[in-house]
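# Close look at the chain arrangement
Given next are the chains, with one letter for each unit.
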Amino acid sequence: MSFTIKTHLEQPVQSNKVKKTEYNLIQVKGTWKRKVGKNFSQNLKGCGSAAKIYESTTEQGTSWTVVSPIVFTYKVIQSQGLLDPSNDTLLLGHIRDPEQLEAIRSSTTPLRRFVVIDEIVYNLYGRQLIDYLQAFGAVYRILPLPTTEENKSMELAMQILEEVHKFSLDRRTEPIIAIGGGVCLDIVGLAASLYRRRTPYIRVPTTLLSYVDASVGAKNGVNFADCKNKLGSYVPPVAAFLDSSFLQTVPQRHISNGLAEILKMALMKHRGLFELLEIHGRFLLDSKFQTQGLQGEDSEPASVCTRLAIETMLEELAPNLWEDDLDRLVDFGHLISPELEMKVLPSLLHGEAVNIDMSYMVYVARERGFLTEKDKIRIISCMVGLELPVWHQDCTLAMVQKSLCERLKHSGGFVRMPLPIGLGNAEIFNDTSDETLYKAYVRWCDELSTKPPHIPNREHIIDVVDN
Ligand SMILES: NC(=O)c1ccc[n+]([C@@H]2O[C@H](COP(=O)([O-])OP(=O)(O)OC[C@H]3O[C@@H](n4cnc5c(N)ncnc54)[C@H](O)[C@@H]3O)[C@@H](O)[C@H]2O)c1
């Protein structure tokens, strides 16, 4: 990150005389000092900072440019039995220093934790959570909240902040724990990033979508002015703890919802993951990723699927946590869907809206010659097999155009459009013509809408219109 502090109004340089100095920073007895030169740190090991100050002096005055690299480190841990008292991951899994961990484990001072939990999840797992915290002798406050998409607002974030404040949290040692779906994790993440400017927090996803997507990156947020996630920040959690046993109580529609985000990564980056969804999608839906009692190969699809989804997601997110680079493959399915999701709220789930967007984009890719007809049909069939909607009457051409115009405004004058090229491979394009978008739209509606004049290959997409 860099920013510049100027001591004068910007004026045309009238002279060639510019004196430039690069300063390193070293701490001597608690005081930071600027030092010129490259070899300063040889005798002062461990006291230097990665930050630099660049000073530039002209006849008009002096300016300083501060370059201060900020590093975020966070853990994503898959752990079965998070609420089992023999497993202390939920309370201590975020601590990286082994000595500190040992000191806490052997201390008699009770741990304090503030937990925000989705109301429905609390009804299902609240007793277990209380027993767990009590087993560790923790001092705790549990705040169950109706964290639904309609409530994903600043008001709910403020409610959390009021309660956090009352609990009088020590922000150095007491991370806030969020347990729930993506909505809960997003709201708590925003509240934590605001409280005392940045309080550490932990994400415990309990839906498939939040397990593979919302919990592994840095973003948080709430809806605002009828726009999705319009207020938010890029502050990752200190840790995300992933326990797939929560998924056993998730309604099947929400498993499909999560599979949409997994399919996104498959289409963009991993043909093997796509084929796994094609072959084992039905099994994953029915088993809800539960592998207890299954042996060897039978338990593989679930663990391979979540591992590949997380790995491919982390690959794309880690180098671009703050989304400085706007070319993001993970935006596939997110060009039109935010507008659609908010328009029809609450009738479409996030992943369902994403899937409708992806389905249209598959037609755009086909129109541009990036997908064969066979590949297109395979993708749409896979979506249908995962019980995901592939078309929606409210996704009108006007909405497509409006969404793309919005994107144009916010992405540096280009619509950056991730498109699949074959199966499991993709690139980002900014040159898709209006004519292509139109032709793809007509064909998309023609083949997949509820009143199609002709549907090719009916055995593949026969169910589409009914979903
Ligand atoms: N921050 C990110 O990077 C990111 C990424 C993707 C999506 N998101 C956000 O995530 C949200 C969608 O998340 P979601 O699909 O998890 O929705 P959600 O949080 O609304 O949860 C879906 C439903 O499942 C219920 N539920 C949760 N866990 C359950 C369980 N174990 N058993 C039974 N019911 C359970 C919830 O009460 C809710 O009714 C959207 O707001 C989206 O913007 C954020």
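Since we're looking at a predicted model, the values are computed, not measured.

Side chains Met417 and Leu419 project from strand β14 (residues 417–420) onto one buried face, and the interleaved Pro418 and Pro420 project onto a second face that is buried too. Across four bridges, β14 lies against strand β15 (residues 426–429) in antiparallel orientation. Pairing of Leu419 across the sheet is with Glu427, part of β15. Connecting β14 to the next strand, β15, in antiparallel fashion are five residues, including Gly422 with a positive phi near 70 degrees.

It is worth spelling out the sheet that holds strand β7 (residues 112–118) at this point. Read across the open sheet, the six strands follow the order β6-β13-β10-β9-β7-β8; overall the sheet is parallel. In this open sheet, the two strands that pair with only one neighbour each are β6 (75–78) and β8 (139–145). Across the sheet, the mean angle from the axis of one strand to that of its neighbour is 15 degrees, orientation sign disregarded. By the bridge criterion, five bridges tie strand β9 (residues 176–180) to strand β10 (residues 201–205) in an arrangement that is parallel.

With that settled, consider the site of the ligand. Inspection of the region around the ligand gives 25 residues, with Glu149, Asp186, Thr206, Thr207 and Thr249 positioned closest. One nitrogen or oxygen atom from the main chain of Gly182 is found 2.8 Å from an oxygen atom belonging to the ligand. Within the side chain of Thr249, a nitrogen or oxygen atom sits 2.8 Å from a nitrogen atom of the ligand. In isolation the ligand has 870 Å² of accessible area, and contact with the protein removes 90% of it. Put simply, the parts of the chain that give the shell around the ligand at least two residues each are α3 (119–135), α5 (182–194), α6 (208–214), β12 (227–234) and α7 (252–269).

So, on to the pattern of salt bridges. Opposite charge on two side chains lets them pair, provided their charged atoms get close. Per the counting criterion, the structure on display carries 37 salt bridges. The salt bridge involving Arg368 is made with Asp431; its shortest N-O contact spans 2.9 Å. Remark: Asp431 occurs in the loop between β15 and α14 (434–448) and Arg368 occurs in the loop between α11 (350–367) and α12 (373–385); sequence separation between them is 63 residues. A relative accessible area of 23% means that Arg368 is categorised as partly exposed. A residue is classified by how much of its surface remains accessible, and Asp431, at 49% relative accessible area, is partly exposed. Residues joined by salt bridges that share partners form a network here, namely Arg366, Glu367, Glu373, Lys376, Arg443 and Glu447.

Attention now moves to the packing of aromatic side chains. Evaluation of the coordinates by the stated rule reveals nine aromatic pairs. Between Tyr360 and Tyr441, the ring centres sit 5.9 Å apart and the planes meet at 75 degrees, which makes this aromatic pair edge-to-face. Of this pair, Tyr360 sits in helix α11 while Tyr441 sits in helix α14; the two residues are 81 residues apart in sequence, bridging distant segments of the chain. For Tyr360, a relative accessible area of 0% translates into the label buried. Taken together, the ring pairs connect Tyr360, Trp391, Tyr441 and Trp444 into an aromatic cluster. One Lys or Arg, Arg112, reaches over the ring of Phe167 and ends 4.1 Å from the middle of that ring.

Rules behind the numbers
- Residues numbered from 1 in each chain as written.
- Predicted model: local features only at pLDDT ≥ 70, side-chain atom pairs only at ≥ 80, totals over all residues.
- Heavy atoms only, no water.
- Buried < 20%, exposed > 50% of the residue type's maximum accessible area, 1.4 Å probe, protein only.
- Helix = DSSP H or I, 4+ residues; strand = E, 2+ residues; numbered from the N terminus.
- Pairing = 2+ DSSP bridges.
- Axes fitted to C-alpha atoms, helices over the stretch in contact; angles between N-to-C directions.
- Near = heavy atom within 4 Å.
- Polar contact = N/O pair within 3.5 Å; in protein donor to acceptor, adjacent residues only side chain to side chain.
- Areas by Shrake-Rupley, 256 points an atom, 1.4 Å probe, with all protein chains shown as cover.
- Salt bridge = Lys/Arg side-chain N within 4 Å of Asp/Glu carboxyl O.
- Phe/Tyr/Trp six-rings, centres within 6.5 Å; stacked < 30°, edge-to-face > 60°.
- Lys NZ or Arg CZ within 6 Å of the ring centre and 35° of its normal.

Spatial relationships are all this shows, so hold off on functional conclusions.
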